[in-house]
Amino acid sequence: MQRIKKGDKVRVISGKLKPQEGIVLLVNNKKQAAIVEGLNKVKLHRKANAKQEKGGITEKEALLPLSKLALVAPKSSTGVSRISYRVEKDGKKLRIAKKTNVAIGASKAKAK
């Protein structure tokens, strides 16, 4: 089960991008990686063709391993927090920041 989801604010905790933060645009569970807005940009050299008229060098975000990302918790002094889960009485499953005990967001999955 993955604890980081699309739309979460995350911080890079290791590597050359260490202190930077951004919003998760896409999570790839098969590769255990995510694309974070504005981080890990790579340059692509594209050749002009019929579909794409203009060639040249373009930039886009590349995948970052999930092990290098930590969730930024709301209302926390350090910012980074681990996650726990709580099931509400109405059956909704909430993600909870362990440091602040604040709900991060409503999970889309429902508990049975």
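Residues numbered from 1 in each chain as written. Predicted model: local features only at pLDDT ≥ 70, side-chain atom pairs only at ≥ 80, totals over all residues. Heavy atoms only, no water.

A. Layout of the pattern of salt bridges. The full count for this structure, using the stated rule, is 4 salt bridges. We note a salt bridge from Glu21 to Lys9, for which the minimum N-O separation is 3.5 Å. Within this pair, whereas Glu21 is found in strand β2 (residues 21-28), its partner Lys9 is found in strand β1 (residues 9-12), the two being separated by 12 residues in sequence. Among the charged side chains, a salt-bridge network with shared partners connects Lys9, Arg11 and Glu21. (Salt bridge = Lys/Arg side-chain N within 4 Å of Asp/Glu carboxyl O. Helix = DSSP H or I, 4+ residues; strand = E, 2+ residues; numbered from the N terminus.)

B. Region of interest: the side chain of Asp8. Relative to the helices and strands, Asp8 is located in the segment before β1. At 2.8 Å, the side chain of Asp8 and the side chain of Arg95 are in polar contact. Residue contacts for Asp8: discarding those within four places in its chain leaves Arg3, Gly22, Ile23, Val24, Leu71 and Arg95. (Polar contact = N/O pair within 3.5 Å; in protein donor to acceptor, adjacent residues only side chain to side chain. Contact = heavy atoms within 4.5 Å.)

C. Main features of the environment of Arg46. As for its placement among the helices and strands, Arg46 is situated in strand β4 (residues 41-46). Taking relative accessible area as the criterion, Arg46 reaches 38% and is therefore assigned partly exposed. Remark: the alpha-carbon pair of Arg46 and Thr58, spanning 12 residues in sequence, is separated by 7.5 Å. (Buried < 20%, exposed > 50% of the residue type's maximum accessible area, 1.4 Å probe, protein only.)

D. Fine view of the pairing of β2. Here 3 bridges tie β1 to β2, and the two strands are oriented antiparallel to one another. Opposite Arg11, over in β2, you have Glu21 as the bridge partner. Here β2 pairs with strand β3 (residues 33-36) via 4 bridges, running antiparallel. If you follow Asn28 over to β3, its bridge partner there is Ala33. (Pairing = 2+ DSSP bridges.)

E. Fine view of unusual backbone geometry. The backbone of Asn40 shows a phi angle near 55°, a positive value even though the residue is not glycine. Classification of Asn40 as buried rests on a relative accessible area of 18%. One non-glycine residue, Asn101, lies in positive phi territory at about 60°. Of note, Asn101 is situated in the loop between β9 (92-97) and β10 (103-110).

So far we have only geometry, and geometry alone does not tell us how the molecule works.
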